Amino acid sequence: AGHSYGEFVALHVAGAFDLATLIRLSEARGRAMVENGDPDRPGAMAAVAADADTVGAAIAGLADVVLANRNSPRQTVIAGPRAAIDQAMEALAAAGLQATAVPVSQAFHSPLMEPARGQFDAALAAVDWRATHLPVYSNTTGAMHAAEPDAQRAVMGAHLVSPVEFTGMI
């Protein structure tokens, strides 16, 4: 298992692709996210010292903010446009919750990453993806990856825009 980008490392260790491919995918993933960010609507993230249900209730009225990482029963990360995250941090403070801005360039694991998905899917399609010799858990579903390489590849394409379900995975 791996958290966020670490899932690619876990897939490499389990035999899905070699080290050179991991490095190429790492570069392609980063490039896709940077090249497809919206400079007029920059993304942001904040870590909240609370479980996902509590955080979700506190930000329920903010349509552009998503629960991006369910990291533990006591930490949830939110993502969205910078202005919406600023509003969310005010709402969280009003609810008595501690939130800390995460210094990131994008709103990872959120719908703001959707423009990067096509470019990254093309990079994934070019990979000689093999069946893994070890089980690997998915951040996207919180469950074990399917055994079929094409199914793993599809989940990893959705990985950019999907929340990290680390708590469920563990």
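Preceding this section is the structure that the text describes.
Since the structure is predicted, the reported quantities are computational estimates derived from the model, not experimental observations. (Residues numbered from 1 in each chain as written. Predicted model: local features only at pLDDT ≥ 70, side-chain atom pairs only at ≥ 80, totals over all residues. Heavy atoms only, no water.)

What about the packing of helix H2 (residues 19-35) against helix H5 (residues 114-125)?
Stage number 1. The N-to-C vectors of H2 and H5 enclose an angle of 165°; their axes lie 8 Å apart at closest approach. One way to sum up the angle between H2 and H5 is to call them roughly antiparallel. For the crossing formed where H2 meets H5, the hand is right-handed. Of H5, the residues touching H2 (which contributes Leu25, Ala28, Arg29, Arg31, Ala32, Met33 and Glu35) are Ala116, Gln119, Phe120, Ala123 and Leu124.
Stage number 2. For the contact of H2 with H5, the residue count by class is eight nonpolar, one polar and three charged. (Axes fitted to C-alpha atoms, helices over the stretch in contact; angles between N-to-C directions. Helix = DSSP H or I, 4+ residues; strand = E, 2+ residues; numbered from the N terminus. Parallel < 35°, antiparallel > 145°, perpendicular 65-115°, else oblique. Left-handed = near helix turned anticlockwise from the far one by under 90°. Contact = heavy atoms within 4.5 Å. Nonpolar A, V, L, I, M, F, W, Y, C, P; charged D, E, K, R; others polar.)

Quick look at the nonpolar core
Inside soluble globular proteins, nonpolar side chains tend to come together where they are buried.
Stage number 1. Grouped together as the largest cluster of nonpolar side chains are 21 residues, with contacts concentrated most on Phe8, Phe17, Leu25, Phe120 and Trp129.
Stage number 2. Those elements that place two or more of their residues in this core are helix H1 (6-13), H2 and H5.
Stage number 3. Judged by nonpolar contacts, the second largest core, of 15 residues, contains Ala50, Ala52, Leu67 and Leu92. (Core = buried A, V, L, I, M, F, W, Y, C linked by side-chain atoms within 4.5 Å. Buried < 20%, exposed > 50% of the residue type's maximum accessible area, 1.4 Å probe, protein only.)

Brief notes about unusual backbone geometry
Residues apart from glycine generally show negative phi values, whereas peptide bonds are mostly found in trans.
Stage number 1. Although it is not a glycine, serine 4 sits at a positive phi angle of roughly 55°.
Stage number 2. Positionally, serine 4 belongs in the segment before H1.
Stage number 3. Accessibility expressed as a relative area gives 14% for serine 4, which makes it buried.
Stage number 4. The phi dihedral of histidine 109 falls on the positive side, at around 55°, and the residue is not glycine.

Here we look at the sheet that holds strand E2 (residues 66-72)
Stage number 1. Ordered in space as E2-E3-E1-E4, the four strands form an open sheet in which the pairing is antiparallel. Both outer strands of the open sheet, E2 and strand E4 (99-102), are each paired with one neighbouring strand and no more. Within this sheet the neighbouring strands show an average axis-to-axis angle of 25°, counted without direction.
Stage number 2. Across five bridges, E2 lies against strand E3 (residues 75-81) in antiparallel orientation. (Pairing = 2+ DSSP bridges.)

Here we look at the packing of aromatic side chains
To describe a pair of aromatic rings, you give the distance between the ring centres and the angle between the ring planes.
Stage number 1. Taken as a whole, this structure holds three aromatic pairs when the rule is applied.
Stage number 2. Geometrically, the ring pair formed by phenylalanine 17 and tryptophan 129 is edge-to-face, given 5.0 Å between the ring centres and 75° between the ring planes. Linking phenylalanine 17 in the loop between H1 and H2 with tryptophan 129 in the loop between H5 and helix H6 (149-158), this pair joins segments that are 112 residues apart in sequence.
Stage number 3. What makes phenylalanine 17 buried here is its relative accessible area of 1%.
Stage number 4. Assessed through its relative accessible area of 6%, tryptophan 129 is described here as buried.
Stage number 5. Here a set of aromatic residues connected by ring pairs shows up, and it is made of Tyr5, Phe8 and Phe120. (Phe/Tyr/Trp six-rings, centres within 6.5 Å; stacked < 30°, edge-to-face > 60°.)

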